[in-house]
Amino acid sequence: MNLQTLLQTLLVLHLSGLVIMAGTTVVDYAVFKTFWKQIDRGEPNPAGLMEATSNSARLIGIGAALLVLTGIGMMAITHGVFGEQLWFRIKFGLVVVLILNGILSGRRQGTKLRNVVANSGAKLLAEAFVLRGRLNRFFLLQLCLFLLIVFLSVFKFN
């Protein structure tokens, strides 16, 4: 396999990691919105929806690992040629923010919400509604970060 084929293979895997992360985030957001619609309508047992997102952290982690490892591989093959460009530095910073926001904010808030739902049964506590706002902002920020990362990847500038 020559270097060009390896670079293209890494790029496909890199984009696959991004798609896994973004796709899982979109699905989690849709489940989150559906959960709150059920709560607002007073439907019984919406907690089952929270179980639907229980494995999403693993998928996002796999996507992030694939994204980072293939990115390192592409940088090695190209001898870091993109690393000196402004668009790449901004993109790299956004990826770091994306991953840290997911770990530090999203996972923590999601776990808190699952615990509140599991422990309160049909009656949600006021804490759950605080988490609703935080998670809504988290998802919107994550989706905007994904959009910016894709934008910078397509419209490279110096």
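For the structure itself, look to the data block above.
The structure presented is a predicted model; accordingly, all values stated were derived computationally and were not measured.

Asks: Quick question: what am I supposed to make of the overall build of the chain here?
Replies: Scanning the chain for helices and strands turns up five helices and zero strands. Ordered by position from N to C terminus, the α and β elements of the chain give α-α-α-α-α. For the C-alpha atoms alone, the extent of the chain along its principal axes is close to 60 × 30 × 20 Å. The buried share of the chain, reckoned over its 158 residues, is 35%. The long-range share in the chain, meaning contacts at least 24 apart out of those at least 6 apart in sequence, stands at 81%. Total accessible area on the chain stands at roughly 9,500 Å², and carbon and sulfur atoms take up 68% of it. Here the chain carries 15 positive and 6 negative side-chain charges, and the mean point of each set is 5 Å from the other.

Asks: Would you take a moment to explain helix α5 (residues 126-154) for this structure?
Replies: Along an α-helix, a turn takes 3.6 residues, which lines up residues three or four apart on a common side. With 29 residues, α5 ought to run about 42 Å at 1.5 Å a step, and its terminal C-alpha atoms sit 43 Å apart, in line with that. The set of residues buried in α5 consists of A128, L131, L135, F138, F139, Q142, L145, F146, I149 and L152. On its buried side, α5 packs onto α1 (3-41) and α4 (86-120).

Asks: I keep staring at the pattern of salt bridges and nothing clicks. Help me out?
Replies: Two side chains of opposite charge can pair, provided their charged atoms sit close to one another. Throughout the structure, instances matching the rule amount to two salt bridges. Two residues, D40 and R132, come together in a salt bridge whose shortest N-O distance is 2.8 Å. Of this pair, D40 sits in helix α1 while R132 sits in helix α5, and the two are 92 residues apart along the sequence. On the basis of relative accessibility, which here comes to 24%, the residue R132 falls in the partly exposed class.

Asks: Hey, could you run me through the packing of aromatic side chains in this one?
Replies: To describe a pair of aromatic rings, one takes the distance between the centres and the angle between the planes. Taken as a whole and judged by the stated rule, the model has 10 aromatic pairs. Ring centres of Y29 and F139 lie 5.3 Å apart, and the angle between their planes is 50 degrees; this geometry places the pair in the tilted category. Of this pair, Y29 sits in helix α1 while F139 sits in helix α5, placing them 110 residues apart in sequence. Classification of F139 by relative accessible area gives buried; the value is 8%. What links up through ring pairs into an aromatic cluster is the set Y29, F32, F35, W36, F129, F138 and F139.

Asks: Any chance you could explain the environment of N115 here in plain terms?
Replies: For N115, the position within the fold is in helix α4. The partly exposed category is assigned to N115, whose relative accessible area is 43%. Between the C-alpha atom of N115 and that of M74, which follows or precedes it by 41 residues, the distance is 41 Å.

Asks: Before we go on, may I ask you to explain the packing of α1 against α5 in this structure?
Replies: Two quantities define a packed helix pair, namely the angle between the axes and the distance from one axis to the other. Closest axis-to-axis distance for the α1/α5 pair is 10 Å, and the angle between their directions is 150 degrees. In terms of axis orientation, α1 runs roughly antiparallel to α5. In this structure, α1 crosses over α5, and the sense of that crossing is left-handed. Packed against α1, whose contacting residues are L18, M21, A22, T25, V26, D28, Y29, F32, K33, W36, I39 and D40, the element α5 presents A128, F129, R132, L135, N136, F139, L140, Q142, L143, F146, I149 and V150 at the interface. When grouped by side-chain class, the residues that make up the contact of α1 with α5 number 17 nonpolar, three polar and four charged.

Definitions and limits used
Residues numbered from 1 in each chain as written. Predicted model: local features only at pLDDT ≥ 70, side-chain atom pairs only at ≥ 80, totals over all residues. Heavy atoms only, no water. Helix = DSSP H or I, 4+ residues; strand = E, 2+ residues; numbered from the N terminus. Buried < 20%, exposed > 50% of the residue type's maximum accessible area, 1.4 Å probe, protein only. Contact = heavy atoms within 4.5 Å. Areas by Shrake-Rupley, 256 points an atom, 1.4 Å probe, with all protein chains shown as cover. Lys, Arg positive; Asp, Glu negative; His and termini not counted. Charge placed at Lys NZ, Arg CZ, Asp CG, Glu CD. Expected span 1.5 Å × (residues − 1). Salt bridge = Lys/Arg side-chain N within 4 Å of Asp/Glu carboxyl O. Phe/Tyr/Trp six-rings, centres within 6.5 Å; stacked < 30°, edge-to-face > 60°. Axes fitted to C-alpha atoms, helices over the stretch in contact; angles between N-to-C directions. Parallel < 35°, antiparallel > 145°, perpendicular 65-115°, else oblique. Left-handed = near helix turned anticlockwise from the far one by under 90°. Nonpolar A, V, L, I, M, F, W, Y, C, P; charged D, E, K, R; others polar.

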